[in-house]
Amino acid sequence: MTDDRFLYDPDTAVDPLGDAEATRAAGRSSKHNYAKVGSGRPSSLLYNYGPGAIMDLPHFTVMSTGLDDWERMWRKRVDPPPEIHAPRLREVVAKLLRSRNVRLRPHPNQPRKTGLSREGNDLGVPARVFPQWMRCTGCDLLAPLSHFGYTNTHPYRPDQARFEHERCPGRSGSRSGKNASRAAVPARYLLACVDGHLDEFPYDQWVHHWSPCPKVEFPVLRMVDRTAGKGASAVIHCATCGARRPMNEAQGDAGRSKLPRCRGRHPHLDAFELNGCGDATRLMLVGASNLWFPMTQSIIVMPRSAHEETSDLAARIRVAFASKPHRLEKYEATGDLEGLRDALDGKLDGPVDEEAIPDDQLAKALGEALTSGESDEDLAKWRADWDPVDLLVPEWNYLLTDPLGLGHEDEASGLTLSHRDRAPGLRKEIVRVLAVERLRKVNALVGFTRIDDVDRVADLSQRMVPLARAARPAWTVATEDRGEGIFLQLDEPAVAAWEAQVEQDQLWLAHRAAHRRNFESRTSDTAGPVDAEDRLRPPRYWLVHTLAHVLIREMALECGYSAASLSERLYAWPGSDGRPPAAGLLICTTAPDSDGTLGGLVQLSEPERLHRVVSSALYRAGRCSSDPVCGMRTPQDTEDFLHGAACHCCAMASETSCERANRFLDRRFLIDLPGSGIGFFGLPG
């Protein structure tokens, strides 16, 4: 059966709730509890273990399935499923996925009423065991999943779920544990290709050099670990014919020539590419860090303009009548706005009062909902030209306006801002401070890549692996975080003058050359032509980024939150193409599974406290325990690191805090260090 681009069998769909209902209806008992086999925070299920990623559980590994199976889980418990309202983000996601009516939904989940209650135990992210080749820890038997038993009977102990080799004979020469049950663990080798396909390693073909076993059709295989060596240290042994072959033959460039071509498999979709793949494959380990790179987009939800309100209303009307567009044509032809209001009653997602919508706005939204969407050619051009900075521009523009008073809250977005006076001693380069007392951040997953991160490829639309089988998915998964923060704006004329000076400095020229070397040596094998300068962040970004890091380190000592729980949102770009210049930052802390945070961070925006934090942060930035090596670090010819005077002792932050993986940092752009006089703030104070 085909669904646009894939070949798959609908009878193999993951449906835990349906399986449980069928078992109960048949009156059969089961060793399967149909309960959760693990748990994760919403943020980890978005950034680390989304569809197509492999999650380690105590006794085996699983892969989150595609959104087709998630839809089935939601519909059995909640219909229609809940939605996350973030119009500006939804519009960008719709263009990236080429799906005009796409919606944002949370992970399938049902909160418990009490700690011991069981509601929601059977509602969660559906997953399948992967890889499905297992190895017995007692006798080294290597076999598919069907050769092992499974137990998961305790409703409150998902960590006890495991696969077992029943009546394991044990290893040769060992008398202990004969015919006992031994745990089975996943065989750790996989095959992947640059187009995002992933497949099981063909152990039976590998050990026999791509020929069948000369004795039987289904030989007995064993995986024996060697105690010496690194990397693929296992040896595959056919106990039936005696053939042996080490896995290290499949490693490296030489090993790739011995591996089969890619079959085009997407295990999270339980599907194969309809036209196959044929790319070269490479050996991967189950826990490899380059097995799954998510592509996400996020926004801080801000108040919208009248035009944005109308466009959002049009999108919601179009989604509400997606199955009956002819009814919208009838309402427009007759001008029956009251009939449209009645038909929309309770159908619009988000907090909308249909009766409160003015007639002129409803008429405009109806006309916009009936317009044809952008063509595939237009969308392809938009994706080629699109810059993620476009998502930040509306946020920056709104943060430039002063709130109406202390604790001013926007009802629709929940954003609550307060203007803060500057302390007399605060550095003059910081011209404006806002206390962000409440904010809502929405993050959406649009796809993923394997082997190379999305930041390293230039052909993203071709290499991005889909989350669902449909070419135009109806929804994608998103998370909603709530928290608080502090916004600082730097003096734009001072930043522009400083940037013009830095662009002529030898230090900046050295960073530019290092960035080009880095880009050329780490570009994806399949990337198209891209100028390295398009990926290099301007000097003001290095300045704002380094300032954010030293402030995060200092604020963590004062606010009560750990440094890993604080994150940066950087607004740093020169003006161009109608985009106003920006130089500012938002340091915030958010949580996806609570109603907000405790206020410890936003209290640091008070004038005297902020003065103390900024002064101390700049003072500490002037000294590093790795100086003078750190303070004088400049990339030379052949070196391609993307930081200068910055290390984990002075400026680098945890990966949860930094949006650029600790790249584009240099304390010399922030303050004057010995031998350098280009610091924006001059001498540390």
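Calculation rules
- Residues numbered from 1 in each chain as written.
- Predicted model: local features only at pLDDT ≥ 70, side-chain atom pairs only at ≥ 80, totals over all residues.
- Heavy atoms only, no water.
- Helix = DSSP H or I, 4+ residues; strand = E, 2+ residues; numbered from the N terminus.
- Buried < 20%, exposed > 50% of the residue type's maximum accessible area, 1.4 Å probe, protein only.
- Contact = heavy atoms within 4.5 Å.
- Areas by Shrake-Rupley, 256 points an atom, 1.4 Å probe, with all protein chains shown as cover.
- Polar contact = N/O pair within 3.5 Å; in protein donor to acceptor, adjacent residues only side chain to side chain.
- 1 Å grid on protein atoms, 1.4 Å probe; cavity = no way out; pocket = protein on both sides within 12 Å on 5 of 7 lines; lining within 4 Å.
- Points joined across faces, edges and corners; volume = space filled by probe spheres on them.
- Pairing = 2+ DSSP bridges.
- Axes fitted to C-alpha atoms, helices over the stretch in contact; angles between N-to-C directions.
- Core = buried A, V, L, I, M, F, W, Y, C linked by side-chain atoms within 4.5 Å.

### Here we look at the overall build of the protein
The helix and strand tally for the protein stands at 18 helices and 26 strands. Seen along its three principal axes, the alpha-carbon backbone of the protein occupies a region of about 85 × 75 × 50 Å. Put simply, the protein has 685 residues, and 51% of those count as buried. Of all intrachain contacts in the protein linking residues separated by at least 6 positions in sequence, the fraction that spans at least 24 positions is 70%. Of the roughly 31300 Å² of accessible surface on the protein, 49% is carried by carbon and sulfur atoms.

### Here we look at the side chain of Ser64
The residue Ser64 is located in strand E4 (residues 61-64) in this model. Ser64 sits in the buried class, given a relative accessible area of 8%. Side-chain polar atoms of Ser64 contact the backbone oxygen of Tyr49, separated by 3.1 Å. Beyond its immediate chain neighbours, meaning those up to four positions away, Ser64 contacts Tyr49, Gly50, Pro51, Gly52, Ala53, Val125, Pro126, Ala127 and His268.

### Examining unusual backbone geometry
A cis amide bond links Phe130 to the next residue, Pro131, at an omega of 0°. As for its position among the elements, Pro131 is in the loop between strand E6 (127-129) and strand E7 (133-136). In the segment running from Asp627 into Pro628, the intervening peptide bond is cis, with an omega of 5°. By the secondary structure assignment, Pro628 is in the loop between helix H17 (607-621) and helix H18 (667-670). In the Ramachandran plot, Asn662 falls in the positive-phi region, its phi being about 60° despite a non-glycine side chain. The topology assignment puts Asn662 in the loop between H17 and H18. With a relative accessible area of 13%, Asn662 lands in the buried category.

### Looking at empty space enclosed by the protein
By rolling a water-sized probe across the atoms, one finds the places where empty space is left. Counted according to the given criterion, the structure contains two cavities of 30 Å³ or more. Taken as a whole, the second largest cavity spans an internal volume of roughly 40 Å³. Ala86, Pro87, Arg88, Ile299, Val301, Met302 and Arg304 together form the lining of the second largest cavity.

### With respect to the sheet that holds strand E15 (residues 234-238)
One open sheet accounts for eight strands, arranged E9-E10-E11-E7-E8-E14-E15-E16; its pairing is antiparallel. What marks the edges here is a single partner per strand, and that holds for strand E9 (149-151) and strand E16 (244-246). Neighbour-to-neighbour, the strand axes of this sheet turn through a mean angle of 35°, independent of strand direction. Here E9 pairs with strand E10 (residues 162-168) via three bridges, running antiparallel. Residue pairing in the sheet places Thr151 in a bridge with Arg162 of E10.

### Let's talk about the nonpolar core
Formed by 50 residues in total, the largest nonpolar core has its most connected members in Leu490, Leu547, Leu551, Met555, Leu585, Leu670 and Phe681. If you tally residues by element for this core, the top one is helix H16 (residues 539-559), at twelve residues. When near neighbours in sequence (up to four residues on either side) are disregarded, Met555 contacts Ile486, Leu566, Ile587, Leu601, Leu604, Leu610 and Val613. Leu89, Leu97, Val301 and Ala478 belong to the second largest nonpolar core, which has 21 residues in total.

### As for the sheet that holds strand E19 (residues 282-285)
What the three strands build is an open sheet, ordered E13-E12-E19; its pairing is antiparallel. Each edge of the open sheet is held by one strand with a lone partner, namely strand E13 (198-200) and E19. Each neighbouring strand pair of the sheet contributes to a mean axis angle of 40°, computed without reference to strand direction. Note that strand E12 (residues 189-192) and E13 share three bridges and pair antiparallel. Residue pairing across strands places Ala192 opposite Leu198, the latter belonging to E13.

### Comments concerning the pairing of strand E20 (residues 293-300)
The element E20 is extensively covered by neighbouring structure, given that seven of its eight residues are classed as buried. Strand direction decides the pairing type here: E20 and strand E23 (residues 430-449), joined by eight bridges, are antiparallel. Looking at E23, one finds that Ser298 is bridged to Asn443.

### Description of the environment of Gly264
Here Gly264 shows up in the loop between helix H6 (252-256) and strand E17 (265-266). Residue classification places Gly264 among the buried residues on the basis of a relative accessible area of 0%. Taking the C-alpha atoms as reference points, Gly264 and Phe6, separated by 258 residues in sequence, lie 9.5 Å from one another.

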